[in-house]
Amino acid sequence: MKALKTPCILIHVALILLCLRTQICYGQDYPDAESPPAPPAPPPGQDLCNGIFLTYNFMGRELLYPHLKNASAQAWAFKAMATVVNAGSEELKAWKLFVGFRHREILVSATGATIIDGGDFPAAVGNGTTFVGNPQADLKTAIETAGDYPQISAQIEIKGTQFGVKPPTIPMPKSLKLVNDGYLCPAAKNDGSYMYTCCKKDPKFKAPPVKGTKFAPRQNGDLLLSYDVMQAYGNNYLAQVTMENEHPLGRLDHWNLTWEWQNNEFISQMRGAFTHKKDISGCLYGPAGKYYKEFDFSQVVNCEKKPIISDLPATYFNDTKLGKLPYCCRNGSLLPKLMDESKATSVFQLTVFKLPPHDNRTALVPPMKWQIRGDLNPNYRCGPPIRVEPTEFPDPSGLQSTTTAVASWQVVCNITKSEIKQSSCCVSFSAYYNESIIPCPTCACGCPDPEKCNPKAKAMLLPSEALLVPFSNRTNKVVAWAGLKHLPIPKPLPCPDNCGVSINWHVSTDYKDGWTARVTLFNWDTLPFEDWFLAVKMDKAFDGYENVYSFNGTRLPNKENKTLFFQGLEGLNYLVGLTNGTRPGEPQVPGKQQSVISFLKKKTPNIDVQRGDGFPAKVYFNGEECALPKDFPKRDAAHKSAVNIVLIIFITVLTFVLIQDR
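None of these values were measured; they are calculated from a predicted model.

Asker: Teacher, can you tell me more about the overall build of the protein chain here?
Answerer: Check the secondary structure of the protein chain and you find 7 helices and 38 strands. The buried share of the protein chain, taken over its 662 residues, is 43%. Here the contacts in the protein chain between residues at least 6 apart in sequence split such that 69% fall between residues at least 24 apart. Total accessible area on the protein chain stands at roughly 36800 Å², and carbon and sulfur atoms take up 56% of it.

Given below as C-alpha cells:
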C-alpha cells in the first residue's frame, strides 16, 4: 500500500504545480496580443506650458524648376506643420495664429486652416500671414474633454514655395504668435527645423463685459457682416446677410460680395440681391445633381462654389418676389453713418440647399473666405466667420417681442492700405501767391502705358487753365508754361496721373485774423457719383475751421484724427461724369463741384499758411485715400519782387527824411 501511495502523492503534486504554472501563464503579456497604444509624447516644451502652445515644424523641401545659379532667385517646394494646442484652463475661441514668413513664400495649400484675408491659393505671404481654424475654430480644454487631444489642438499642414535659402540653412519663419485679444507671446525658440512658444493670458487685459454664453463675443470693426440662419429644415435653410458700415470714412459703391461654400451647397432662391452668374451646370453635373435626381434646377439662382453677389437697383425695392426687404435694393451703396444712418446698412436673404452628410436641420456650416469690393472705395480685408450669440430681431407681427436666429456668425472686415494697390484719386495744390499749380503725382493711379511716357519723371507744373482740360489736351499748355517759366522739359514727357477723380486745393487768401481755401472736385470718369463725400486731414488748421459755403461740413467726432468731413448740399450731392464739349473738337468737360472753406487764426495762432500749414496732410474721396504732391506752392519771384520794391521805396523815403533832418 505504501508503494502505491507514493506515486499518488507525486501525481497530486505535479497536478498542483501544473495548475499554478497555467495560472502564471495567463498573467503574461505576449508580443502579438492587442493592447491600447501608448499616447504620443508631447512636443518639446509643451510639458512646461500652461497656456496656448504653438509650434512650427519644417518638414523638408525640394528643388524646383528652373534651376538657377542665383541662389536668391531659386525656388524650393516646402512642407511644414504648424500646431495650436490649448494647454490652459480656458477655452480658446476662434484661434488666430500668425506665422512670420520671410522668404517670399507662396502658399499652395493649408489643410486645417484658412488664411485670414480670405484670398485664394496660391497666396503670397512673404511678409507673414494669419491662419484661422477651419473647420475647427475653437479649442476646448483638457479639463473638460479628459485630455482628448483632437478637441484641444489643431494642426495646419502647409505646402508652398519659397525662395533664396540654400541648404544646409533651414528657412524658418521670423516669428510665431497667437494674435487673439488678451494673450502675450514671448519670442519663439528656434531649435533647427522646430520652433515653439507658449502664449499666456495678459493679466492687464480687460475684456469687455459679455453675457454668459458658449459663443464668442461680437467684435468691432470697420464693416460688420452677419450671417444669420432664420429658418432651418432637413436639407435646406433660409439665411439673412446683414452688412453694417461702422467706419466714419468707410464706404461702398456698387458692392460685390463673394465667399466660398464648404460642402457643395447651392443657392436656390434670393431676395434683395442677385448673383452675377446663373449657370446650373455646376449643379446638374456635380454632387448636387447626383443627390437631387428629381430636383428642377432650372429655377436655381446659383451653383458656383464662389458666387459673386451684388445689391439690386432701387427699382426692385417693392418687388414682391425679389425685394420687399428693409435696407435692400440701393444699387450697392453703403454710406457712413455720419452721412445717413439709414443708408449705412444693407440686407439680403438666400435659401441654401445642402448635401449629405449635412442634410439635417442642425448641420449648419457658413461659407468661408469672405471678400467685398466696391467702385473707388477702400480696400477691405475680411476675417473668418465666427459663431456668436444668435441675433435678435424685432417680431415681424409688430408685437413688443423679439425673435432670435437659429444660428449666427459674424464676419469682421477692416480697411487696409495695400502697398501694391494704386490710388483711385489724386490732389493738386495751388495758392494765390504762386502762378503755377503743383499737379497730381506722375502715375498716381497707375501707368497702363509707360512706354509712351516717362513714369519716373516728376510731374510738370501747370498753368491754372490746364486743370479744366483732360491730360491728353494739356501737353501744349504744359510745355508752353515750362518755356515761359524757364523750367526744364523732360524727354519723354512725364506720364499722366491716370486718376478718375482729381481734387484741387487752392489757398485763396491769408490775412491777419484768418485765411480761406477753395476746394474743387473733378470727375474724369463717365460714371457719376451720387452722395459723394470728401474728407481732409488738417494737422495744424483743424481747430481753426470756421465754415464751408457750398457744401455741408463738419468735424469728425474723433478730434485726434483732425479730419473735416464735407458732402454735397441736398440736391447738389451728385457729381456728374465726363461730358463732351459744347462744340465738335473741343476737349471733354469733367464733372465739377466747388466750395470755399474759411478758417480763423484765433485758435491756431502759430499757423504759417504759406509754409504748408494751409494744405491737407491726407485727402479721402468716398473713403479712398488720394495721392498727394510732395511739395507745396512757394511764393514765386513776382510776389517776392513786389515785396522787395515796397521795401526799397520805404528805405529810400526813410533815408531821405533822415538826411533832411540833419
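From this point, the narrative continues.
Asker: I keep staring at helix α6 (residues 475-484) and nothing clicks. Help me out?
Answerer: Note: α-helices contain 3.6 residues per turn, so residues at a spacing of three or four share the same orientation. Within α6, burial applies to Val478, Trp481 and Ala482. Projected down its long axis, α6 shows its buried positions confined to an angular sector of 100 degrees, all on one face. Pointing more than 90 degrees away from the buried face of α6 are the exposed residues Asn476 and Leu484. Tucked inside the fold, the buried residues of α6 contact β27 (434-438). Downstream of α6 by a residue or two, His486 has a phi angle that is positive, lying close to 55 degrees.

Asker: Can you help me understand the state of the cysteines in this one?
Answerer: Disulfide: a covalent bond connecting the sulfur atoms of a pair of cysteines. This model, assessed by the stated rule, comprises 10 disulfides. What pairs with Cys425 in a disulfide is Cys626, and their sulfur atoms sit 2.0 Å apart. Residues Cys425 and Cys626 share a disulfide whose torsion about the S-S bond is about -90 degrees; that sign makes it left-handed. One end of the pair, Cys425, is in strand β26 (residues 425-431); the other, Cys626, is in the loop between β38 (624-625) and α7 (637-661), and 201 residues separate them in sequence. Using a relative accessible area of 0% as the deciding quantity, one classes Cys425 as buried.

Asker: Is there a simple way to think about the sheet that holds strand β15 (residues 256-260) in this case?
Answerer: Whenever strands of a sheet pair, they do so through backbone hydrogen bonds, lying parallel or antiparallel. Pairing is antiparallel across the open sheet formed by 4 strands, whose spatial order is β17-β18-β15-β20. Two strands close off the open sheet at either side, each with one partner strand: β17 (273-275) and β20 (368-373). Neighbour to neighbour, the strand axes of the sheet diverge by 25 degrees on average, direction disregarded. One ladder, built from 4 bridges, connects β15 with β20; its direction is antiparallel. By the bridge assignment, Leu257 is partnered in β20 with Ile372.

Asker: Explanation requested: the pattern of salt bridges in the structure shown.
Answerer: As a working rule, side chains carrying opposite charge can pair if their charged atoms are close by. Counting across every chain of the model gives 15 salt bridges. What emerges from the salt-bridge pattern is a single network uniting Glu91, Lys93 and Lys140.

Asker: Honestly, the nonpolar core in this entry has me stumped. Any pointers?
Answerer: Within soluble globular proteins, side chains that are nonpolar generally end up buried alongside one another. Ile503, Trp505, Leu521, Leu534, Met538, Phe566 and Phe621 are the most contacted members of the largest nonpolar core, which has 37 residues in total. Every element with two or more residues in this core is listed here: β26, β28 (501-510), β29 (514-523), β31 (533-537), β32 (545-548), β34 (563-568), β36 (591-600) and β37 (618-621). Excluding anything up to four places from it in sequence, Met538 contacts Trp505, Trp515, Lys562, Leu564, Phe599, Asp613, Gly614, Phe615 and Pro616. Core analysis: the second largest hydrophobic core is formed by 32 residues, Leu225, Ala239, Cys382 and Ala407 among them.

Asker: Where do I start with the pairing of strand β8 (residues 153-163) in this structure?
Answerer: Two faces make up the sheet, and in a regular strand the side chains alternate between them. Bridge count between strand β2 (residues 75-86) and β8: 11 bridges; the pairing is antiparallel. Paired with Ala75 across the bridge in β8 is Phe163. Looking at chain direction, strand β4 (residues 106-111) and β8 are connected through 5 bridges and run antiparallel. Counted as the bridge partner of Ile106 is Thr161 from β8.

Asker: Teacher, can you tell me more about the confidence of the model for the protein chain here?
Answerer: Close inspection of predicted coordinates is inappropriate in any region flagged by low pLDDT. Confidence in the prediction for the protein chain averages 87 pLDDT; 88% of positions are at 70 or higher. Confidence scores differ between elements of the protein chain, with helix α1 (residues 2-26) showing the lowest mean pLDDT of 44 and strand β19 (residues 345-353) the highest of 97. Overall, residues 1-11 carries pLDDT values under 50, and its contacts beyond four positions in sequence, including any with other chains, amount to 0 contacts. When the criterion is pLDDT under 50, residues 13-33 qualifies, and its contacts beyond four places in sequence or with other chains add up to 1 contact.

Asker: Quick question: what am I supposed to make of the packing of aromatic side chains here?
Answerer: Here the distance between the centres and the angle between the planes together describe a pair of aromatic rings. One pass over the structure, following the stated rule, counts 31 aromatic pairs. When the centroid spacing of 5.8 Å and the interplanar angle of 40 degrees are considered together, the rings of Phe53 and Tyr196 count as tilted. Here Phe53 is found in strand β1 (residues 52-63), whereas its partner Tyr196 is found in strand β12 (residues 194-201), with 143 residues between them in sequence. Accessibility assignment for this pair places Phe53 and Tyr196 in one class, buried. On the numbers, 4.8 Å between centres and 50 degrees between planes, the contact of Trp259 with Trp370 is tilted. Here Trp370 lies in strand β20 and Trp259 lies in strand β15, a separation of 111 residues in the sequence. Here the aromatic cluster, defined as three or more aromatic residues joined through ring pairs, consists of Tyr227, Tyr237, Trp259, Trp261, Trp370 and Trp409. Here the guanidinium or amino end of Lys177 rests over the ring plane of Phe98, the centre of that ring lying 5.5 Å away. The side chain of Arg555 reaches across the aromatic face of Phe542, ending 5.6 Å from its centre.

About the criteria used
- Residues numbered from 1 in each chain as written.
- Predicted model: local features only at pLDDT ≥ 70, side-chain atom pairs only at ≥ 80, totals over all residues.
- Heavy atoms only, no water.
- Helix = DSSP H or I, 4+ residues; strand = E, 2+ residues; numbered from the N terminus.
- Buried < 20%, exposed > 50% of the residue type's maximum accessible area, 1.4 Å probe, protein only.
- Contact = heavy atoms within 4.5 Å.
- Areas by Shrake-Rupley, 256 points an atom, 1.4 Å probe, with all protein chains shown as cover.
- Arc of directions from axis to C-beta.
- Disulfide = S-S within 2.5 Å.
- Pairing = 2+ DSSP bridges.
- Axes fitted to C-alpha atoms, helices over the stretch in contact; angles between N-to-C directions.
- Salt bridge = Lys/Arg side-chain N within 4 Å of Asp/Glu carboxyl O.
- Core = buried A, V, L, I, M, F, W, Y, C linked by side-chain atoms within 4.5 Å.
- pLDDT = per-residue confidence, 0-100.
- Phe/Tyr/Trp six-rings, centres within 6.5 Å; stacked < 30°, edge-to-face > 60°.
- Lys NZ or Arg CZ within 6 Å of the ring centre and 35° of its normal.

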